[in-house]
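Results of the structural survey
Residue strings, one per chain:
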Amino acid sequence: GGAVTELIITCRTPEDGAVAIHKGDALKLVGPYTVSNVTDDEDPVFGQAMADVTINDTALPVMVRGIGVFAYEGAAPAVNGVAGVAASAEPGRVKAPAAGNGAGRNLKVDAAAKTVHVLL
């Protein structure tokens, strides 16, 4: 790969409930500029956590454009120029979408590490 440009925005963690976001986690949008790594199977991926956070209602940098390297569950996501990822039921992880293309475009799969590089 060559030079990478990223767009990182400041979001917040939920006001209540448990928060255990780890750097690199896949995140979903749960409210205005509010994100969580607790996802349901097939939720859309909003971005990637750029820091660890365990506190409610606190700032969190989130990459929403760029190349995210996500841990995945299940079968390896396809790398075909159109396929992306969906959230898995496992917090912070992604998977190949059951239908449609998912979010982003998969660039590379490392099956040994169970990671997928996604252009968001």
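Throughout what follows, the structure given in this document is the object of discussion. (Residues numbered from 1 in each chain as written. Predicted model: local features only at pLDDT ≥ 70, side-chain atom pairs only at ≥ 80, totals over all residues. Heavy atoms only, no water.)

Counting its secondary structure elements, the protein chain contains zero helices and 10 strands. Secondary structure elements of the protein chain occur, N-terminal to C-terminal, as β-β-β-β-β-β-β-β-β-β. For a compact globule of 120 residues, the expected C-alpha radius of gyration is about 14 Å, and the protein chain comes in at 13 Å, within 12% of that figure. Long-range pairs, those at least 24 residues apart, make up 54% of the contacts in the protein chain between residues at least 6 apart in sequence. (Helix = DSSP H or I, 4+ residues; strand = E, 2+ residues; numbered from the N terminus. Rg over C-alpha atoms; globule rule 2.2 N^0.38 Å. Contact = heavy atoms within 4.5 Å.)

What follows deals with the nonpolar core. Generally speaking, soluble globular proteins have nonpolar side chains that are buried together. Residues Ala26, Val45, Met63, Phe70, Tyr72, Val85, Ala87, Val94, Ala103, Val116, Val118 and Leu120 constitute the largest nonpolar core, which totals 12 residues. If we ignore the near neighbours within four places in the chain, the residues touching tyrosine 72 are Pro77, Arg93, Val94, Val109, Asp110, Ala111, Lys114, Thr115 and Val116. With 10 residues, the next largest nonpolar core counts Ile21, Val35, Ala49 and Val53 among its residues. (Core = buried A, V, L, I, M, F, W, Y, C linked by side-chain atoms within 4.5 Å. Buried < 20%, exposed > 50% of the residue type's maximum accessible area, 1.4 Å probe, protein only.)

Right, let's talk about the side chain of lysine 28 for a bit. Structurally, the position occupied by lysine 28 is in strand 2 (residues 26–31). What makes lysine 28 buried here is its relative accessible area of 16%. Among the polar contacts made by the side chain of lysine 28, one reaches the side chain of aspartate 43 at a distance of 2.9 Å. (Polar contact = N/O pair within 3.5 Å; in protein donor to acceptor, adjacent residues only side chain to side chain.)

The full count for this structure, using the stated rule, is five salt bridges. With a closest N to O distance of 2.9 Å, lysine 28 and aspartate 43 form a salt bridge. Linking lysine 28 in strand 2 with aspartate 43 in the loop between strand 3 (34–36) and strand 4 (47–49), this pair joins segments that are 15 residues apart in sequence. One salt bridge connects aspartate 41 with lysine 95, and the closest N-O pair in it is separated by 3.8 Å. You can see aspartate 41 sitting in the loop between strand 3 and strand 4 and its partner lysine 95 sitting in strand 8 (residues 94–95), a full 54 residues away along the chain. Given the relative accessible area of 46%, aspartate 41 is considered partly exposed. One salt-bridge network, held together by shared partners, links Asp41, Glu42 and Lys95. (Salt bridge = Lys/Arg side-chain N within 4 Å of Asp/Glu carboxyl O.)

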